[in-house]
Structures are given as structure tokens and as C-alpha cells.
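# Coordinates in review
Listed here are the chains, written in short residue letters.
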Amino acid sequence: MEYSIRAANVEDCKDVARMITELSEYEKLADRVKITQRDLEQDGFSKKPFFHGIIAEVPEQHKTKEGHTKIGYALYFYSYSSWKGRAIYMEDLYVMPEFRGKGIGKALMRKVAQLGLAAGCNQLNFTVLDWNKSSLDFYLSQGCFDVTTNMGYHCMCCEGEALQHLAQP
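The shown structure was predicted, so the numbers you read here are calculated from the model rather than taken from an experiment.

## A closer look at the overall build of the protein
Secondary structure summary: the protein contains six helices and five strands in total. Ordered by position from N to C terminus, the α and β elements of the protein give β-α-α-β-β-β-α-β-α-α-α. Taking 2.2 N^0.38 as the reference for a compact globule, 169 residues should give roughly 15 Å; the C-alpha atoms of the protein span a radius of gyration of 17 Å, in line with that estimate. Each of the three principal axes of the protein carries a C-alpha extent, and together these read 55 × 35 × 30 Å. Per-residue burial for the protein yields a buried fraction of 31% across its 169 residues. In the protein, of all internal contacts separated by at least 6 residues, the share reaching a separation of at least 24 is 61%.

## Re the sheet that holds strand β5 (residues 123–125)
Taken in spatial order, the five strands line up as β1-β2-β3-β4-β5 in an open sheet, and their pairing is mixed. A strand with exactly one partner marks an edge of an open sheet, and here the two such strands are β1 (4–7) and β5. In this sheet, adjacent strand axes meet at a mean angle of 30 degrees when their direction is disregarded. Examined bridge by bridge, β1 and strand β2 (residues 52–57) share four bridges and lie antiparallel to one another. Paired with R6 across the two strands is I55, which belongs to β2. Along the sheet, helix α3 (residues 104–118) makes contact with β1, β2, β3 (70–81), β4 (85–95) and β5, crossing β4 at roughly 160 degrees.

## Details of the environment of A107
With respect to the secondary-structure elements, A107 resides in helix α3. Note on A107: relative accessible area 10%, which makes it buried. Here the alpha-carbon distance between A107 and I5, two residues 102 residues apart in the chain, equals 7.6 Å. Beyond its immediate stretch of four places on either side in the chain, A107 contacts Y3 and I5.

Rules and cut-offs
- Residues numbered from 1 in each chain as written.
- Predicted model: local features only at pLDDT ≥ 70, side-chain atom pairs only at ≥ 80, totals over all residues.
- Heavy atoms only, no water.
- Helix = DSSP H or I, 4+ residues; strand = E, 2+ residues; numbered from the N terminus.
- Rg over C-alpha atoms; globule rule 2.2 N^0.38 Å.
- Buried < 20%, exposed > 50% of the residue type's maximum accessible area, 1.4 Å probe, protein only.
- Contact = heavy atoms within 4.5 Å.
- Pairing = 2+ DSSP bridges.
- Axes fitted to C-alpha atoms, helices over the stretch in contact; angles between N-to-C directions.

Take a look at the structure:
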């Protein structure tokens, strides 16, 4: 199947917001999504963006029945490991269901890895739900390892009122 991978631009935010919703529904966490198209526009395309993105796109002749040509995306940002140095964190990797199994997800992940290496990063980090066996198997087949299993680390989060409380002097 013909497709291309390119850097996201502000005009892609509507489709990225749509695919974030699709991903959250797949992950059975749709009620957790609070981000809007406007948030994406501001946070990804300001002078100091909080994230970067890439888009998988198909030609018009392969568009979805709903008319979408933007059929996958990855969001990423740069971070730092006190042990390894520069790192890239892949926040999302998503391909619409009807386009899975065609190498598009691998191409998106490969591009994030290439961007990380070009920026001098030593590692690519991301999370995957424990029940998502097909994704876990794919990542393991790419040479990735499960940090929780191998090193015992758990990904933690502090948000909302807990974050407000933590920030109090």
C-alpha cells in the first residue's frame, strides 16, 4: 500500500485530535481524554512546542470511507535520562484499524527512532497497555524490552488535585 510519513503541521491538528479519540476508544480510556484541537495547535506549534508529531498519509484513492487520508500519527518529545543522557519519548503511536498490518506503524516508529538518533538520543521510551498483546509482541520483535519486567520500574502520574496539593509550599 502506498503511504507517506511526514512532519505534522498545524493543519493536521483536527485529524490528530480525531485519531487521539480513536486511540483512546481502542484503549478503553475515552473518558480520560481532555485535549482539544486548539490545545494541540497551541502546544505543538508555538515558539517552544511541548511535543512534535509525524503523520502517516495515504493518497486520495486509498482514503477511508469517511474521506480521511491522514490514517496514522506519532507524537513525541525529547527528554533526558540521568543514566543514559538524551532520550526521545514516543507519547502515541496510532494507525487506523483498516490500515494496520501494512508496515505503517513500524514506519512511524522507525521515523521517531531516526529523529531521536539525529538529535543525539540514546534511547526511545514509550508505554504500552499490559493487555495489548499484539503491540507488546511487535515492540519486543523490534528489540525493545519491558522496563517493568526487566528493571521493576513503574510509570507514575500525579494530576489534578493531587498535583495542585503536591505543588503547595
